[in-house]
Amino acid sequence: MQPWPEGPVADPEAARERYTSDLGASHKALREAIRADLPVAHVGLGIVVVVSVLVGLFAQPAAGALVASSFAALFLAALAVMLLPGN
């Protein structure tokens, strides 16, 4: 446990505001780090389609569908994180 910068008689409201501000800055940095641009997303989609078709041709169609669905789940999770409301 770290001591508060204000000492033992710290204002709890100021500490709460500082915590909220730091948390918002942390969330903003995380959103910026995982941000994806539209052209990059389309390249990723193209790669997934090609890999899914190749796996479907050389292995089994079910395997290609499994690859496509797992990447779709990954993309949806990334989209959900990007669209989360933040401070």
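Criteria and cut-off values
- Residues numbered from 1 in each chain as written.
- Predicted model: local features only at pLDDT ≥ 70, side-chain atom pairs only at ≥ 80, totals over all residues.
- Heavy atoms only, no water.
- Helix = DSSP H or I, 4+ residues; strand = E, 2+ residues; numbered from the N terminus.
- Buried < 20%, exposed > 50% of the residue type's maximum accessible area, 1.4 Å probe, protein only.
- Areas by Shrake-Rupley, 256 points an atom, 1.4 Å probe, with all protein chains shown as cover.
- Contact = heavy atoms within 4.5 Å.
- Polar contact = N/O pair within 3.5 Å; in protein donor to acceptor, adjacent residues only side chain to side chain.
- Salt bridge = Lys/Arg side-chain N within 4 Å of Asp/Glu carboxyl O.

So, the overall build of the protein
Secondary structure assignment for the protein yields 3 helices and 0 strands. Counting over 87 residues, the protein shows a buried share of 9%. On the protein, roughly 7000 Å² of surface is accessible, and the fraction owed to carbon and sulfur atoms is 72%.

Considerations on the environment of Val55
As for its position among the elements, Val55 is in helix H2 (residues 38-58). Val55 sits in the partly exposed class, given a relative accessible area of 24%. Linking Val55 and Ala65, residues 10 residues apart in sequence, is a C-alpha distance of 8.7 Å. Those residues in contact with Val55, other than ones at most four positions away along the chain, are Gln60, Ala63, Gly64 and Val67.

Observations regarding the environment of Leu30
Inspection of the secondary structure puts Leu30 in helix H1 (residues 12-33). In this structure the C-alpha to C-alpha distance between Leu30 and Val81, which are 51 residues apart in sequence, comes to 9.6 Å.

Here we look at the side chain of Ser52
Relative to the helices and strands, Ser52 resides in helix H2. A relative accessible area of 12% means that Ser52 is categorised as buried. In this structure the side chain of Ser52 is engaged in a polar contact, spanning 2.8 Å, whose partner is the backbone oxygen of Val48. In this structure, Ser52 is in contact with Gly64, Val67 and Ala68, ignoring residues within four places of it in sequence.

A few points about the pattern of salt bridges
This model, assessed by the stated rule, comprises 1 salt bridge. For the salt bridge of Arg16 with Glu13, the shortest nitrogen-to-oxygen distance reads 2.8 Å. In this pair, Arg16 and Glu13 are both assigned in helix H1, 3 residues apart and thus about one turn of the helix distant.

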